[in-house]
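The chain contents come next:
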Amino acid sequence: MRIAMIGAGYVGLVSGACLADFGHAVVCIDRDPDKIASLNAGRMPIYEPGLDALVTENVRQGRLAFSTSMREAVAEADAVFIAVGTPSRRGDGFADLSFVFDAAREIAGALSGFTVVVTKSTVPVGTGDEVERIIRETNADADVAVVSNPEFLREGAAIADFKRPDRIVVGAEEARAEAVMREVYRPLYLNQAPIMVTARRTAELTKYAANAFLAAKITFINEIADLCEAVGADVQAVARGIGLDNRIGSKFLHAGPGYGGSCFPKDTLALVKTAQDAGTPLRMVETVVAVNDQRKRAMARKVIKACGGSVRGKTVALLGLTFKPNTDDMRDAPSLAIIAGLQDAGAKVRAYDPEGMEQARILMPAVDYAENAYACAEGADALVIVTEWNAFRALDLDRLRQIMSSDGSAPVLIDLRNIYDPASAARHGFTYCGVGRTKESVARNGS
């Protein structure tokens, strides 16, 4: 099939490359000439494991191309995917759909023959209706069907998620459109990926509901972690105890500094606004949003408390800046609020991240950036693990203790991802502080 992918950002680039790898002919279109020039030169605008090799191979095979021009690619396409950004709108937090609607107008003028226009971007309920209205208003003769096909990609594992999905959700209003979408995903037949066909509005809401539920699980275990610290329990044992219940499941039950990234913060907020406009407020999701926002700043206070109640004049080293490992995405990362809180309290902040420092420098120019984890920790009064990159899971704790600042007391290790054993950290001479773990709870649970 011939596919036009409008938008060469995270979703568009990964989706386009994977569809090309299935054997389809894909053109990724983006308005940013610098981005297209970089892609044509083999340079990726984002970090995603395996993406550079996937793109390079499919370009070499002639199945994947990049362009700033939409008209020819759309005119020849069987399916046109809209994969542009839908950031939170300033002022009210609702999803900014201006890029989606601009794409719809431009697509309308280039359509030729029956074409399925697919909203791949995460969009509020009813967006597909407006996209269809715009297309028909712009081009009354267009033979078009508008479909919702939300993405469920995890940054850091997006290629695997696209090629081996839990499900493919298609919101289609007519049989011709459903047939095209089944042909698009036919290569996944051998993987037995279930295709769930629903009404368009149902598909749109499914994406938001999924993200809101996962965000709620993260927020729930984070609040349980706070209770664990107060009563002397171990949140990791609690999480395992409830996660073994098949009705609950173990995923997204890892206590930490709160969720961030390109999806959960904006999608939960957009769902809240949609529900309020519909007169059916989602009080639980509203609370999830509020609690998560407060938690990020609270992590700075946690670090300050672990440092004896003051960080003024001290050097605090942070390992990990991106909102999760295996990405360079800094959007709504907990590190942003943590660093701001520490700097407000008078700390000098030094940081290291394997992939995120280029983006971080733009957002936080007042931070000192190190070339590796040990350079980051050298001379620091406290070390904070914010993002659980694999490179941070087996650090030489003896070396860290020796190079960190010491006034005669043990250096402080604040592990916001609970990746180190508290007893082991203590044996190596650290004062350890985790999330939802106390000395008493660790001793009782044998952790």
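Preceding this section is the structure that the text describes.
What comes next is a walk through the structure. Computed from a predicted structure; not experimentally measured.

## Considerations on the overall build of the protein chain
- When helices and strands are tallied, the protein chain shows 18 helices and 14 strands.
- For 447 residues, the compact-globule formula gives about 22 Å, and the C-alpha radius of gyration of the protein chain, at 24 Å, lands near that figure.
- Summarising its shape, the C-alpha atoms of the protein chain cover approximately 80 × 45 × 45 Å along the three principal directions.
- Considering only contacts in the protein chain between residues 6 or more positions apart, those separated by 24 or more positions represent 74%.
- Once the 51 positive and 56 negative side-chain charges of the protein chain are each reduced to a mean point, those two points are 4 Å apart.

## Points about the nonpolar core
- If you look at the biggest cluster of nonpolar residues, it comprises 60 residues, and the most contacted ones within it are Leu318, Leu321 and Leu342.
- Here leucine 342 is in contact with Ala300, Val303, Ile304, Val311, Val316, Leu318, Ala347 and Val349, once residues within four sequence places are set aside.
- Counting 43 residues, the second-largest nonpolar core is a separate cluster that includes Cys18, Phe66, Ala79 and Leu153.

## Some remarks on the packing of helix α11 (residues 264-277) against helix α12 (residues 283-306)
- Between α11 and α12, whose axes approach to 9 Å, the crossing angle comes to 145 degrees. Seen along the crossing, α11 lies across α12 with a hand that is left-handed. In contact with Thr268, Leu269, Val272 and Gln276 of α11, α12 contributes Val285, Glu286 and Val289.
- Considered class by class, the residues forming the contact of α11 with α12 number four nonpolar, two polar and one charged.

## Details of the side chain of serine 335
- Relative to the helices and strands, serine 335 is located in helix α13 (residues 334-344).
- The class of serine 335 is buried, set by a relative accessible area of 0%.
- In terms of polar contacts, serine 335 uses its side chain to reach the backbone carbonyl oxygen of leucine 321, at 2.6 Å.
- The residues contacting serine 335, other than those within four sequence positions of it, are Gly320, Leu321, Met330, Met364 and Val386.

## Quick notes on the environment of arginine 60
- Topologically, arginine 60 is positioned in helix α3 (residues 51-60).
- One polar contact links arginine 60 to glutamate 57, side chain to side chain, over a distance of 2.9 Å.

## Observations regarding the sheet that holds strand β13 (residues 412-415)
- With respect to topology, six strands assemble into an open sheet ordered β11-β10-β9-β12-β13-β14, the strand pairing being parallel. Taken across any chain shown, the strands that pair with only one partner, and hence form the sheet edges, are β11 (368-369) and β14 (431-433).
- One ladder, built from four bridges, connects strand β12 (residues 382-385) with β13; its direction is parallel. Bridging from a neighbouring strand, alanine 382 pairs with valine 412 of β13.
- α12 contacts β9 (315-319), β12, β13 and β14 of the sheet and is inclined by roughly 155 degrees relative to β13.
- Contacting β9 and β10 (348-352), α13 crosses the sheet at an angle of about 175 degrees to β9.

Basis of the calculations
Residues numbered from 1 in each chain as written. Predicted model: local features only at pLDDT ≥ 70, side-chain atom pairs only at ≥ 80, totals over all residues. Heavy atoms only, no water. Helix = DSSP H or I, 4+ residues; strand = E, 2+ residues; numbered from the N terminus. Rg over C-alpha atoms; globule rule 2.2 N^0.38 Å. Contact = heavy atoms within 4.5 Å. Lys, Arg positive; Asp, Glu negative; His and termini not counted. Charge placed at Lys NZ, Arg CZ, Asp CG, Glu CD. Core = buried A, V, L, I, M, F, W, Y, C linked by side-chain atoms within 4.5 Å. Buried < 20%, exposed > 50% of the residue type's maximum accessible area, 1.4 Å probe, protein only. Axes fitted to C-alpha atoms, helices over the stretch in contact; angles between N-to-C directions. Left-handed = near helix turned anticlockwise from the far one by under 90°. Nonpolar A, V, L, I, M, F, W, Y, C, P; charged D, E, K, R; others polar. Polar contact = N/O pair within 3.5 Å; in protein donor to acceptor, adjacent residues only side chain to side chain. Pairing = 2+ DSSP bridges.

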